[in-house]
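What the coordinates show
Below, each chain spelled out in residue letters.
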Amino acid sequence: MQVKISTLAAALAVGLITSFTAAAVQAKPQAPVEIVGTVQAQQATLKIAFESAAQQVNVRVYGVDGLTVIGTKSPVIGGTFAAGQVMTLLVNYKPGAGTSNLAVQVDGQFDGKRRTTISSFTVQNGQATRSSADSSTAPTISVDGRGRRIAILPAQTK
């Protein structure tokens, strides 16, 4: 009986590992672009580097947590970019009270497949009040690759 249970447990473990590996392989690939930015009091400078050629590219900027984008929220619609090309955008905004975020979405046809990448940049308003929580234990709010808000918690030390 011991051998059968061990064999069953091993077979189950292999099946779980295989399914987790398959799930990781089936994840939606992001667009091959790198988005870097510098945020200031009311303006961000964004550089979008295209790692491969792209067609039908759309770039959108969003305010999160109270940040309001001033001007166009879709600075590029249907654009075409060569591999290695770098585009620079200036985004004006009004920051929210405290901490807010500027989200940037780039989607388009890369190597014949529709792909998207989203990046988020944190903007700290100078008028923010300090939180009563210790800053080393406070969560950081960000946006994941699918545009969902997530809280990133620091590791606890003992």
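Residues numbered from 1 in each chain as written. Predicted model: local features only at pLDDT ≥ 70, side-chain atom pairs only at ≥ 80, totals over all residues. Heavy atoms only, no water.

**Let's talk about the overall build of the protein**
- Summing up its helical and strand segments, the protein has one helix and 10 strands in all.
- Start at the N end of the protein and walk to the C end: the helices and strands fall as α-β-β-β-β-β-β-β-β-β-β.
- Counting the 158 residues in the protein, one finds 30% classified as buried. (Helix = DSSP H or I, 4+ residues; strand = E, 2+ residues; numbered from the N terminus. Buried < 20%, exposed > 50% of the residue type's maximum accessible area, 1.4 Å probe, protein only.)

**Notes on the pattern of salt bridges**
- This model, assessed by the stated rule, comprises two salt bridges.
- Between arginine 114 and aspartate 107 there is a salt bridge, and its shortest N-O distance comes to 2.5 Å.
- Salt bridges sharing partners connect three or more residues here, namely Arg60, Asp107 and Arg114. (Salt bridge = Lys/Arg side-chain N within 4 Å of Asp/Glu carboxyl O.)

**Overview of the pairing of strand S3 (residues 54–64)**
- In the sheet, S3 pairs with strand S5 (residues 76–81) via three bridges, with the strands oriented antiparallel. Residue pairing for S5: alanine 54 is matched across the bridge by phenylalanine 81.
- Where S3 meets strand S7 (residues 99–110), nine bridges bridge the pair, whose relative direction is antiparallel. Bridge pairing in S7 places valine 61 opposite valine 104. (Pairing = 2+ DSSP bridges.)

**A few points about the packing of aromatic side chains**
- Enumeration according to the criterion identifies two aromatic pairs in this entry.
- For the pair phenylalanine 50 and phenylalanine 110, a centre-to-centre distance of 6.5 Å together with 15 degrees between the ring planes defines the contact as stacked. With phenylalanine 50 in strand S2 (residues 43–50) and phenylalanine 110 in strand S7, the pair connects residues that are 60 residues apart, well separated along the chain.
- Members of the aromatic cluster, each reached through a chain of ring pairs, are Phe50, Phe81 and Phe110. (Phe/Tyr/Trp six-rings, centres within 6.5 Å; stacked < 30°, edge-to-face > 60°.)

**Looking at the sheet that holds S7**
- On the basis of which strands lie adjacent, the open sheet formed by four strands has the order S5-S3-S7-S8 and antiparallel pairing. Every other strand in the sheet has two partners, leaving S5 and strand S8 (113–124) as the edge strands with one partner each. Across this sheet, the average inter-strand angle for adjacent strands is 25 degrees, counted without regard to direction.
- As defined by bridge partners, S7 adjoins S8 across 12 bridges and the pair is classed as antiparallel. Counterpart to alanine 103 in the pairing with S8 is serine 120. (Axes fitted to C-alpha atoms, helices over the stretch in contact; angles between N-to-C directions.)

**Some points on the side chain of serine 52**
- Here serine 52 shows up in the loop between S2 and S3.
- Those residues in contact with serine 52 that lie beyond four places of it in its chain are Pro32, Ala83, Phe110 and Asp111. (Contact = heavy atoms within 4.5 Å.)

**Topic: the environment of arginine 114**
- Structurally, arginine 114 can be placed in strand S8.
- Arginine 114 sits in the partly exposed class, given a relative accessible area of 38%.
- When the C-alpha positions of arginine 114 and glutamine 55 are compared, they lie 9.5 Å apart, and in sequence the two are 59 residues distant.
- When neighbours within four sequence positions are excluded, arginine 114 is seen to be in contact with Gln56, Asn58, Asp107, Gly108 and Gln109.
- Engagement of the side chain of arginine 114 in a polar contact is seen with the backbone oxygen of glutamine 56, the distance being 3.4 Å. (Polar contact = N/O pair within 3.5 Å; in protein donor to acceptor, adjacent residues only side chain to side chain.)

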